[in-house]
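# Inside the fold
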Amino acid sequence: MLKHLHVQVLIGLAAGILVGHFAPVFGVQMKPLGDTFIRLIKMLITLVIFCTVSVGIALVLGLVVANLLRPGAGLNIDPASL
């Protein structure tokens, strides 16, 4: 049950609510950890978007070149004999 991401998120949410209600001073002391986590997530999102755009551009270029040059066209090779 703990292997599912949505269960882990709900446990973290409940833990945050309990810490904020029963130990607010400790919750305030945890602020640098939360801020660091948010910065790391922002860096990761930037990297994922960059990789997605650059790979998408390479795929489009590859498809255009393959459709224009048609590699292997007219070779008349029987795939069963290979």
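This text gives an overview of the structure that appears in the document. (Residues numbered from 1 in each chain as written. Predicted model: local features only at pLDDT ≥ 70, side-chain atom pairs only at ≥ 80, totals over all residues. Heavy atoms only, no water.)

### Quick notes on helix H3 (residues 31-69)
For an α-helix the count is 3.6 residues per turn, leaving residues at separations of three or four pointing the same way. To be explicit about the condition: Here a strand is any run of E in DSSP of at least two residues, a helix any run of H or I of at least four, and the numbering for each starts at the N terminus. What a helix should span is 1.5 Å times the count of its residues minus one.
Counted at 1.5 Å a residue, the expected span for H3 with its 39 residues is 57 Å, and the 57 Å between its end C-alpha atoms agrees. Phi turns positive, to about 50°, at Arg70, one or two residues after H3.

### Quick look at the environment of Phe37
Within the secondary structure layout, Phe37 lies in helix H3. C-alpha of Phe37 to C-alpha of Leu5: the two residues are 32 residues apart in sequence and 17 Å apart in space.

### Side note on unusual backbone geometry
Stated formally: We call a residue buried when its accessible area falls under 20% of the maximum for its residue type, exposed when it is over 50%, and partly exposed in between, using a 1.4 Å probe and counting protein chains only.
Despite not being glycine, Arg70 has its phi angle at roughly 50°, a positive value. Residue classification places Arg70 among the exposed positions, given a relative accessible area of 55%. One non-glycine residue, Asn76, adopts positive backbone phi at about 50°. Its place among the elements puts Asn76 in the segment after H3.

### A word on the pattern of salt bridges
This is how it is decided: We define a salt bridge as a contact between a side-chain nitrogen of Lys or Arg and a carboxyl oxygen of Asp or Glu at a distance within 4 Å.
Tallied over the entire structure, the rule returns 1 salt bridge. Among the ionic pairs, Asp35 bridges to Lys31, the shortest N-O distance being 2.9 Å. Pair noted here: Asp35 and Lys31 are both in helix H3, with a separation of 4 residues, about one helical turn. For Asp35, a relative accessible area of 31% puts it in the partly exposed group.

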